[in-house]
Amino acid sequence: MAQAPQLPDTPSLVADLVQQASQLVASRQIQDPLVIGIHTGGVWIAEALAQALSAPLGKLDISFYRDDFTQQGLNPKVNPSNLPFDVNNRDIILVDDVLMSGRTVRAALNEIFDYGRPASIKLATLCAINSRQLPIQTDICALHLDLTNNQYLQLDGPDPLQLTLIEQANDDSIS
Amino acid sequence: MNMLIRQARVLDPKQQLDCVADVHIKDGKIQSIGHNLKSQVDQVIDAQNHILCPSFTDLLTYLRQPGNSQQGTIASETQAAASAGFGTLLPSPDTQPCTDSTAVLELVQDRAQQAGFCQLLPVGALTQGLKSSHLSNMQRLSQAGARVFSNAGYDFADNTILLRCYEYAATYGLKIFVQARDEALSNGHMHSGALATRLGLNGIPVIAETLAISRHLQFMQHTGVSGHFQQLSSADGVQMIRQAKAQGMSITADVDLAHLCFTEQQLHSYASQYHVQPPLRNETDRQALLAGLADGTIDAIVSAHQPHEAAAKQAPFADTATGMAMYDLFIPLLLTLEGQANLTIDHLINALTHNPASIAGGNSHRLTEGAIANLCLIDPNQQWHFDTHQQQSHGANICLNNMSHQGRVVLTLQQGRVTWQTS
Amino acid sequence: MTLSPSAQLQLTEAGELRHFLTIDGLPKPLLERIIDTANSFVVVGNQEVKKVPLLRGKTVVNLFFENSTRTRSTFELAAKRLSADVLNLDINTSATSKGESLLDTLRNLHAMHSDMFVVRHKQSGAPHFIAEQVTPDVAIINAGDGRHAHPTQAMLDMLTIHRHKGAFDQLKVAIVGDILHSRVARDQIHALTTLGCQDIRLVGPNTLLPPHVSSLGVTTHSNLDRALQDVDIIIMLRLQTERMDSAFLPSADEYYQAYGLTRQRLRKAKPDAIVMHPGPINRGIEIESEVADGKQSLILNQVGYGIAIRMAVMSMSMSGQMQQRQNSEGKQ
């Protein structure tokens, strides 16, 4: 049984991610990127990235693109998606707070492609947990973790941003 | 045939006979009624707690033949009637063709005799084709056996023609059965009330019945014709009959079993099985019908049995045919009435035997020694499960299907022959 | 809480919507969820990409036994914005025999594996009949049956009220016109009472009021000026010209005199009262042109909300129907 890992403090994680993103731009791997955050935690992180890179910010709600619609039904509280730019031929940094199964990112990719055809998409998440169900990996990430089935991460915010490790008594399925 | 029925409650309201006794039936006649009979017989039926009474007379039933044989035939429906304890039926004249000719009367009699389950007393059509515009050959039809005439609920646009019908019937002392409904106001599918509003269905108001009753009462009074009102459905209707009788008019009335047992609440999810004309009304009306039966305002109970094929009831409500197939579950439903409005079993039996028989002008069947056996034996306590494998009627529109019921006819004798027996 | 038979037919065992036939009997939290879900689709309707993939791969059949280009096109648009495949069938019943044809038509369609039927029929109870007896595993959406119900219209009216007035419990609502023949009015009444509205006034001559209608939780009035006092919401119903021919009313002119919503009458209501109409409007018969086009009128907004409501109801019932199917397969 793994010990509950100690998390570094959240602002330093965010700073690390910002640093990695700036490096991507500086090394010309991407040009003039658009930053798109996935509601809700991903948007908070994306705001920090967009500000640091002086890049335009977009927000996505993937509720309508989830793959579990027929099992779970529709969550009535949906935030508006807002991409105030043309995505065609642009480099995009797609931002989320925690990468787990990969289904949320899959939904976000589908939604972005309904808007147009980007030149590239880099995935940036604050942390990634080793529990992938789809072949999706981060391009930049501040923290990689191995967790047990009853542990998960939660980002609270927007101010202050706080990443917490939650332990649950019973086995919960993670999305 | 030689059978002994032991310890039945022998009930014959006409004779005021109500006692527990043994009944010996041999060669189609009642040999003896007594206690501890020691007769030599082929068959003994243990009838403890059973009711033995004269077989029933039905003043309104739809046998479908001649006409639409997918709904039923005289053979199938009279067999179903026998399984409910009926021995004598007055079928509706509304067949195709209707009973406005002696040829149709003879056909119906032939078929009934061939089938051998029930005696049919013919009801003549009051107008030709039941089209309410020309008198039918009432005299000839009455000579061919029709003692009663009816226009099967079809309304008259022209009061003059209706008057002539009454006058002509009076000439020959003929009785008229009236299904009282004002056609223009009956352009609906259920009782006009809060439920009809909720379901968005056209309602038939009570005045559709009372207006028609009032009209016919006045014609009866004016011409002296002896009239009988069929299928009362409302408290107001019962009250009109009560008042007319109190004023000395010689009229009679019946109510169908469905209206005594059910109300419009059966329709709350568009259950087309309960789509009937006249419509099932509310609980106040039902209680008034029960009270009317109890105080003698209403003389008889009819089945109004109306078998339909499955498709006739499988459509949006207003597009479905009206009518319920009542014979298969007649006795279980009848028995639920015992105790309501202080109705006793013998009162109910009287409303199915002696009263309708005298209204029809036929002979009452008696339970006396030497009489031909026309009787039925009912086990009011038998629990049985009813499903389509057991049904006798060809109708697919039997309500309360696939359920357990209490009460069953175990034996019916018609003119001395067994027409129904459970194994 | 025991569910009414109509609610039992429309909901899965878990209380999710699987058929949308009538508002009568549906619980308040469900109506609120429909409004919330529809609000998110209003947002989608304002985005550049108006399509979402919720119903991709599903087939929606518009079964209109009664013609209506307006209603049918909003359902079609809603289905397409959910990425469904749409099939439009206009079936003229006058040439066909009654019940059998409906049964056979539906059985044939069922064999083609449709997922949802949107049904409009002139007989009250037709969608109930279909949902209960013919194709219970296909999600049935009632687009209007006889005089009985028009639940999507009533819900879009509730959405309109909610977006412009907020909570229902203090509102005074007047519904004016031919309530007897209106399936919309019946469902509006059920929705308003369920959502907590306590003052619903039906206004019209006795010939156009259904019998025993106060049993639905409303009051009836024949004087429009008095009935409009202090009212927050005025819902005008369309008057069909056939009503004059079948002796319900003497003339359109006399109707307008007594029951037409004029600017003058509108002033009897609260100054911020809103005017609604399910459409199509008859100018000069039930409503004055200036009122229909005026600033208090939300008639055009209702149309946009109609697409959002239909998207909400269609996605909710498709999801409920699929969950029901999975549950029953799981039990086998």
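The structure displayed is predicted, hence computed values, not measured ones.

Engineer: Any details on the nonpolar core? Residues and values, ideally.
Structural biologist: Residues and elements named next belong to chain B. Grouped together as the largest cluster of nonpolar side chains are 97 residues, with contacts concentrated most on Phe56, Phe86, Phe229, Leu232, Leu257, Phe262 and Ile301. Ranked by residues supplied to this core, first place goes to helix α4 (residues 159-171) with six residues. If near-sequence neighbours (up to four positions away) are discounted, Phe56 is found in contact with Ala84, Gly85, Phe86, Gly87, Thr88, Ile331, Ile349, Leu352, Thr353, Cys376 and Ile378.

Engineer: Explain the packing of helix α1 (residues 74-83) of chain B against helix α2 (residues 102-115) of chain B to me, using residue names and the numbers behind them.
Structural biologist: To characterise two packed helices, one gives the angle between the axes of the helices and the distance between these axes. Residues and elements named next belong to chain B. Across the interface, α1 lies against α2 with an axial gap of 9 Å and an inter-helix angle of 60°. It follows from the interaxial angle that α1 and α2 lie oblique. As α1 runs across α2, the sense of the crossing is right-handed. Of the residues in α2, those touching α1 at Ile74, Ala75 and Thr78 are Val108, Arg111, Ala112 and Ala115. A per-class count over the contact of α1 with α2 returns five nonpolar, one polar and one charged.

Engineer: Could you give an account of the environment of Leu298(C), with specific residues and numbers?
Structural biologist: Residues and elements named next belong to chain C. Along the polypeptide, Leu298 turns up in the loop between α12 (289-292) and α13 (299-331). Take Leu298: its relative accessible area is 8%, and that puts it in the buried class. When neighbours within four sequence positions are excluded, Leu298 is seen to be in contact with Thr160, His164, Ile274 and Val275.

Engineer: Break down the interface of chain B and chain C for me, with residues and values.
Structural biologist: The interface is formed by 19 residues belonging to chain B together with 27 residues belonging to chain C. Buried surface at the junction of chain B and chain C, both sides included, amounts to about 1900 Å², of which 56% is carbon and sulfur. Here chain B and chain C share one salt bridge between them. Linking chain B to chain C there are seven residue pairs in polar contact (both at pLDDT 80 or more).

Engineer: Describe in detail α4(B), supporting the description with residues and values.
Structural biologist: Side chains of residues three or four places apart in an α-helix project in the same direction, reflecting 3.6 residues per turn. All names here are of chain B. In this model, α4 (13 residues) spans 19 Å end to end at C-alpha, consistent with the 18 Å of a helix rising 1.5 Å per residue. Of all the positions in α4, only Ile161, Leu162, Leu163, Cys165, Tyr166 and Ala169 are classed as buried. Its buried side turned inward, α4 meets α3 (138-143), β11 (175-179) and α6 (207-223). For α4, the side-chain oxygen to backbone nitrogen distance between the N-cap and Thr160 is 2.9 Å, and the N-cap itself is Asp158.

Engineer: Go over the sheet that holds strand β5 (residues 172-176) of chain C, please, and point to the residues and values.
Structural biologist: Each strand in a sheet pairs with its neighbour through backbone hydrogen bonds, running either in the same direction (parallel) or in the opposite one (antiparallel). All names here are of chain C. Spatial strand order, β7-β6-β5-β8-β9: five strands in an open sheet with parallel pairing. For this open sheet the edge positions go to β7 (219-221) and β9 (274-276), each flanked by a neighbour on one side alone. Across the sheet, the mean angle from the axis of one strand to that of its neighbour is 20°, orientation sign disregarded. Sheet analysis places β5 next to strand β8 (residues 233-236), joined by four bridges and oriented parallel. In the strand pairing of β8, Val176 is matched with Met236. Here helix α7 (residues 183-194) sits on the sheet in contact with β5, β6 (199-203) and β8, set at roughly 170° to β5.

Engineer: Describe the side chain of Thr419(B), and please don't skip the residues or the numbers.
Structural biologist: When you line up the elements, Thr419(B) lands in strand β19 (residues 417-421). Not counting the four nearest positions on each side in its chain, Thr419(B) is found in contact with Ala82(B), Gly116(B), Phe117(B), Thr412(B), Leu413(B) and Gln414(B).

Engineer: Describe in detail the confidence of the model for chain B, supporting the description with residues and values.
Structural biologist: This prediction gives chain B a mean pLDDT of 95; 100% of its residues lie at or above 70. The complex model carries a pTM of 0.88, and its ipTM stands at 0.88.

Engineer: Could you give me a rundown of the side chain of Ser76(B), with the residues and numbers involved?
Structural biologist: Residue and element names in this part refer to chain B. Structurally, the position occupied by Ser76 is in helix α1. Within polar-contact distance, the side chain of Ser76 engages the backbone nitrogen of Thr73 at 3.0 Å. Apart from residues no more than four positions distant in its own chain, Ser76 is found in contact with Gln392 and His394.

Engineer: Break down the confidence of the model for chain A for me, with residues and values.
Structural biologist: This prediction gives chain A a mean pLDDT of 89; 94% of its residues lie at or above 70. Confidence, read as mean pLDDT per element, is least for helix α3 (residues 69-72) of chain A in chain A (77) and greatest for strand β1 (residues 34-38) of chain A (97).

Engineer: Any chance you could break down the pairing of β19(B) for me, citing the residues and the numbers?
Structural biologist: Residues and elements named next belong to chain B. In terms of strand pairing, strand β18 (residues 403-414) meets β19 through four bridges, oriented antiparallel. What sits directly across from Gln414, in β19, is Arg417. Linkage of β18 to β19, two consecutive antiparallel strands, is achieved through a turn of two residues, within which Gln415 is found at a positive phi near 50°.

Engineer: Describe the pattern of salt bridges, with residues and values.
Structural biologist: Residues and elements named next belong to chain B. Evaluation of the coordinates by the stated rule reveals 21 salt bridges over all chains. A salt bridge links Arg164 to Glu167; the shortest N-O distance between them is 3.2 Å. Taken together, the positions of Arg164 and Glu167, both in helix α4 and three residues apart, correspond to about one turn of that helix. A residue is classified by how much of its surface remains accessible, and Arg164, at 41% relative accessible area, is partly exposed.

Engineer: Please give an account of the pairing of strand β7 (residues 86-91) of chain B that cites residues and values.
Structural biologist: Residue and element names in this part refer to chain B. β7 sits mainly inside the fold: six of its six residues count as buried. Across four bridges, the pairing between strand β6 (residues 56-61) and β7 is parallel. Paired with Phe56 across the bridge in β7 is Phe86. Viewed along the sheet, the connection from β6 through α1 into β7 turns out right-handed. Pairing geometry for β7 and strand β8 (residues 119-120), over two bridges, is parallel.

Cut-off values and rules
Residues numbered from 1 in each chain as written. Chains lettered and ligands numbered in written order. Predicted model: local features only at pLDDT ≥ 70, side-chain atom pairs only at ≥ 80, totals over all residues. Heavy atoms only, no water. Core = buried A, V, L, I, M, F, W, Y, C linked by side-chain atoms within 4.5 Å. Buried < 20%, exposed > 50% of the residue type's maximum accessible area, 1.4 Å probe, protein only. Helix = DSSP H or I, 4+ residues; strand = E, 2+ residues; numbered from the N terminus. Contact = heavy atoms within 4.5 Å. Axes fitted to C-alpha atoms, helices over the stretch in contact; angles between N-to-C directions. Parallel < 35°, antiparallel > 145°, perpendicular 65-115°, else oblique. Left-handed = near helix turned anticlockwise from the far one by under 90°. Nonpolar A, V, L, I, M, F, W, Y, C, P; charged D, E, K, R; others polar. Buried area = accessible area lost by both parts, 1.4 Å probe. Salt bridge = Lys/Arg side-chain N within 4 Å of Asp/Glu carboxyl O. Polar contact = N/O pair within 3.5 Å; in protein donor to acceptor, adjacent residues only side chain to side chain. Expected span 1.5 Å × (residues − 1). Pairing = 2+ DSSP bridges. pLDDT = per-residue confidence, 0-100. Right-handed = clockwise from strand over helix to strand, strands pointing away.

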